[in-house]
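Observations on chain architecture
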Amino acid sequence: MKRILFFYLCILALFSSCEEIDSQCMKGEVIGEIRSAGGGLAVSLDRNHEGAVNWQGENNVIELLNIPGIYQSPGTTIYFTSRPANSDELGPVTADGDESIELVLYGLEFNSDECP
């Protein structure tokens with residue numbers, strides 16, 4: 001019985017740590033649009049993150065939704081917290097986009113100088 005309880009506690013701890021990883025502060029540089037309409041912007045993270053890809057010569061690239069207008073210019077460095085985007089947040093996707101970016105995050109808080 002103690003082993004079963006220990007097993008369940010380990011599983012719970014594992015899932016709890018995954019949630020913290022998703023909401024941690026990340027630093028990245030805005031690359032630009034992925035498609036002419038819909039979706040978010042390509043952002044190159046300063047370190048590798050599971051699901052990030054190489055895209056147009058940039059490393060550790062994700063798609064980030066909900067970036068405020070003041071941070072959307074290519075080359076802008078941003079610090080942000082996020083969570084995985086859900087299907088309702090993805091919006092329309094135009095046919096001219098490059099859909100090779102696998103990880104789509106929804107930005108929660110943003111700052112240009114330090115972690116929010």
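These remarks concern the structure in this document. This structure is a prediction, so every number in the text was calculated from the model and none was measured. (Residues numbered from 1 in each chain as written. Predicted model: local features only at pLDDT ≥ 70, side-chain atom pairs only at ≥ 80, totals over all residues. Heavy atoms only, no water.)

Digging into the overall build of the protein
The secondary structure content of the protein amounts to two helices and six strands. Order of helices (α) and strands (β) in the protein, N terminus to C terminus: α-β-β-β-β-β-α-β. Taking all 116 residues of the protein together, the buried fraction comes to 32%. Of all intrachain contacts in the protein linking residues separated by at least 6 positions in sequence, the fraction that spans at least 24 positions is 63%. Element-wise, carbon and sulfur atoms account for 53% of the exposed surface of the protein, whose accessible area totals about 7400 Å². (Helix = DSSP H or I, 4+ residues; strand = E, 2+ residues; numbered from the N terminus. Buried < 20%, exposed > 50% of the residue type's maximum accessible area, 1.4 Å probe, protein only. Contact = heavy atoms within 4.5 Å. Areas by Shrake-Rupley, 256 points an atom, 1.4 Å probe, with all protein chains shown as cover.)

Regarding the nonpolar core
If you look at the biggest cluster of nonpolar residues, it comprises 15 residues, and the most contacted ones within it are Val 43, Ile 62, Leu 64, Ile 67, Ile 78, Phe 80 and Phe 110. Those elements that provide at least two residues to this core are β1 (26–33), β2 (41–45), β4 (58–65), β5 (77–84) and β6 (104–111). For this core, the element with the highest residue contribution is β2, accounting for three residues. Among all residues touching Phe 110, those that are not within four sequence positions of it are Leu 64, Leu 65, Asn 66, Ile 67, Pro 68, Tyr 71, Ile 78, Tyr 79, Phe 80 and Pro 116. Ala 42, Trp 55, Val 61 and Ile 101 belong to the second largest nonpolar core, which has six residues in total. (Core = buried A, V, L, I, M, F, W, Y, C linked by side-chain atoms within 4.5 Å.)

Description of the side chain of Arg 35
Turning to its location among the elements, Arg 35 is positioned in the loop between β1 and β2. A polar atom in the side chain of Arg 35 sits 3.0 Å from the side chain of Glu 63. (Polar contact = N/O pair within 3.5 Å; in protein donor to acceptor, adjacent residues only side chain to side chain.)

Considerations on the state of the cysteines
Inspection of the entire model under this criterion finds one disulfide. The disulfide that involves Cys 25 links it to Cys 115, with 2.2 Å between the sulfurs. Measuring handedness by torsion sign, the sulfur bridge of Cys 25 and Cys 115 sits at about -95° and is left-handed. Of the two residues, Cys 25 is situated in the loop between α1 (2–23) and β1 and Cys 115 in the segment after β6; the sequence distance between them amounts to 90 residues. Looking at Cys 25, the relative accessible area reads 19%, which means it is buried. Judged by relative accessible area, Cys 115 falls into the partly exposed class, the value being 42%. (Disulfide = S-S within 2.5 Å.)

What to know about the pattern of salt bridges
As enumerated under the stated definition, the model contains three salt bridges in all. In this structure, Asp 46 and Arg 47 form a salt bridge, with 4.0 Å as the shortest nitrogen-oxygen distance. Measuring nitrogen to oxygen at the nearest pair gives 2.5 Å for the salt bridge that ties Arg 83 to Glu 89. (Salt bridge = Lys/Arg side-chain N within 4 Å of Asp/Glu carboxyl O.)

Here's the deal with the packing of aromatic side chains
For the coordinates displayed, the defined rule picks out two aromatic pairs. On the basis of an interplanar angle of 25° and a centroid distance of 6.3 Å, the ring pair of Tyr 71 and Phe 110 is categorised as stacked. One end of the pair, Tyr 71, is in the loop between β4 and β5; the other, Phe 110, is in strand β6, and 39 residues separate them in sequence. The exposure class assigned to Phe 110 is buried, which follows from its relative accessible area of 14%. (Phe/Tyr/Trp six-rings, centres within 6.5 Å; stacked < 30°, edge-to-face > 60°.)

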